[in-house]
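Below, each chain spelled out in residue letters.
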Amino acid sequence: METDLLVERAKRRDHVAFEALYRAHYRRVYALTLRMTCDVSRAEELTQEVFVRAWEALPGFRADSKLGTWLHTVAVRTCLNESRATRRRETRFRSSPDIDSYTVAAKRAMPDTNLDLERALAGLPPRAREVAVLFDIYGYRHEEIAGMLGIAEGTSKAQLHKARRLMREALDG
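Undergrad: Just to check I follow, could you spell out the packing of aromatic side chains for this structure?
TA: Aromatic ring pairs are described here by two measures, namely the spacing of the ring centres and the angle between the planes. Enumeration according to the criterion identifies six aromatic pairs in this entry. Arranged with centres 5.0 Å apart and planes meeting at 70 degrees, the rings of Phe 18 and Trp 55 form a pair that is edge-to-face. Remark: Trp 55 occurs in helix H3 (residues 40-57) and Phe 18 occurs in helix H2 (residues 15-37); sequence separation between them is 37 residues. Measuring from ring centre to ring centre gives 5.0 Å for Phe 61 and Trp 70, while their planes differ by 40 degrees; the resulting arrangement is tilted. A relative accessible area of 17% means that Trp 70 is categorised as buried. Its end group placed over the ring of Trp 55, Arg 13 keeps NZ or CZ at 4.2 Å from the ring centre.

Undergrad: I keep staring at helix H9 (residues 153-172) and nothing clicks. Help me out?
TA: Between the first and last C-alpha of H9 there are 29 Å, a value that for 20 residues agrees with the 28 Å anticipated at 1.5 Å per step. Buried-residue contacts for H9 involve helix H6 (115-122), helix H7 (126-137) and helix H8 (142-149).

Undergrad: Help me out: how do you make sense of the packing of H6 against H9 in this one?
TA: Think of two packed helices as two axes; the pair is described by the angle between the axes and how far apart they sit. Axis separation between H6 and H9 bottoms out at 9 Å; the angle between their running directions is 130 degrees. Relative to H9, the element H6 lies oblique. Here H6 runs over H9; the crossing is right-handed. Contacts between H6 and H9 pair Asp 116, Leu 117, Ala 120 and Leu 121 from the former with Met 167, Ala 170 and Leu 171 from the latter. Of the residues contributing to the contact of H6 with H9, the split by class is six nonpolar, no polar and one charged.

Undergrad: I keep staring at the packing of H8 against H9 and nothing clicks. Help me out?
TA: Interaxial distance between H8 and H9 falls to 8 Å at its minimum, and their mutual angle equals 105 degrees. As the angle between them shows, H8 and H9 are arranged roughly perpendicular. For the pair H8 and H9, the contacting residues are His 142, Glu 143, Ile 145 and Ala 146 in the first and Glu 153, Ser 156, Lys 157 and Leu 160 in the second. Along the lines of polarity and charge, the residues of the contact of H8 with H9 split into three nonpolar, two polar and three charged.

Undergrad: So what exactly am I meant to see when it comes to the pattern of salt bridges here?
TA: Should their charged atoms come close, side chains of opposite charge can pair. Applying the stated criterion across every chain yields a total of 13 salt bridges. Between Asp 64 and Arg 62 there is a salt bridge, with its nearest N and O atoms 2.9 Å apart. Grouping residues by exposure puts Asp 64 and Arg 62 together as exposed.

Undergrad: I'm lost on the environment of Gly 68 in this one. Help?
TA: Structurally, Gly 68 is set in helix H4 (residues 67-89). Overall, the relative accessible area of 11% leaves Gly 68 in the buried class. Along the backbone, Gly 68 and Arg 28 are 40 residues apart, and their C-alpha atoms lie at a distance of 8.6 Å. Not counting residues up to four positions away in its chain, the partners in contact with Gly 68 are His 25 and Arg 28.

Undergrad: What is the right way to look at empty space enclosed by the protein in this model?
TA: Taking a probe equal in size to a water molecule and rolling it over the atoms shows the remaining empty space. Tallied over the full model, the rule gives one cavity of 30 Å³ or more. As a volume, the largest cavity reaches approximately 50 Å³. Residue lining of the largest cavity: Phe 18, Leu 21, Tyr 22, His 25, Phe 51, Ala 54, Leu 58, Leu 67, Trp 70 and Leu 71, and that is the complete set. Only H2, H3 and H4 provide two or more residues apiece to the lining of the largest cavity. Considering only residue class, the lining of the largest cavity consists of nine nonpolar, one polar and no charged.

Rules used in this analysis
- Residues numbered from 1 in each chain as written.
- Predicted model: local features only at pLDDT ≥ 70, side-chain atom pairs only at ≥ 80, totals over all residues.
- Heavy atoms only, no water.
- Phe/Tyr/Trp six-rings, centres within 6.5 Å; stacked < 30°, edge-to-face > 60°.
- Helix = DSSP H or I, 4+ residues; strand = E, 2+ residues; numbered from the N terminus.
- Buried < 20%, exposed > 50% of the residue type's maximum accessible area, 1.4 Å probe, protein only.
- Lys NZ or Arg CZ within 6 Å of the ring centre and 35° of its normal.
- Expected span 1.5 Å × (residues − 1).
- Contact = heavy atoms within 4.5 Å.
- Axes fitted to C-alpha atoms, helices over the stretch in contact; angles between N-to-C directions.
- Parallel < 35°, antiparallel > 145°, perpendicular 65-115°, else oblique.
- Left-handed = near helix turned anticlockwise from the far one by under 90°.
- Nonpolar A, V, L, I, M, F, W, Y, C, P; charged D, E, K, R; others polar.
- Salt bridge = Lys/Arg side-chain N within 4 Å of Asp/Glu carboxyl O.
- 1 Å grid on protein atoms, 1.4 Å probe; cavity = no way out; pocket = protein on both sides within 12 Å on 5 of 7 lines; lining within 4 Å.
- Points joined across faces, edges and corners; volume = space filled by probe spheres on them.

Quick look at the structure:
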């Protein structure tokens, strides 16, 4: 069934149409949340949260962009909001990501991915990872990333530089 028709039906609260949209877009959204968090459980939870938010906001979707682009934006905002909330709650303790679980999930979600690159990405500090994912993988500009993360444009550039340096070290090591 054509995506535009599914979107229109889902906007009118047709659960079957929304489920079809969910099935069509789940993998891309999950891949994004997985890369942003490097945590399988959090990525699964955030993916579900993205689709809950999408269901709630879908009646207001004006189709100025493709549904996939809109869902991507919802996913980025959901990840960043969760990341901010987590940072506020965390004390000095910071657990490292479960790299083995992450790489298994990354290979399943993104079959063509380079696992060495994904491991290096997972090992980055959270802010550097967010900037690297948004800039290098999803193509956002520093100005956009700065606005999303609530940081200065120069900080975004510095975090990207740091991320690339740390990834080179991890890949060369």
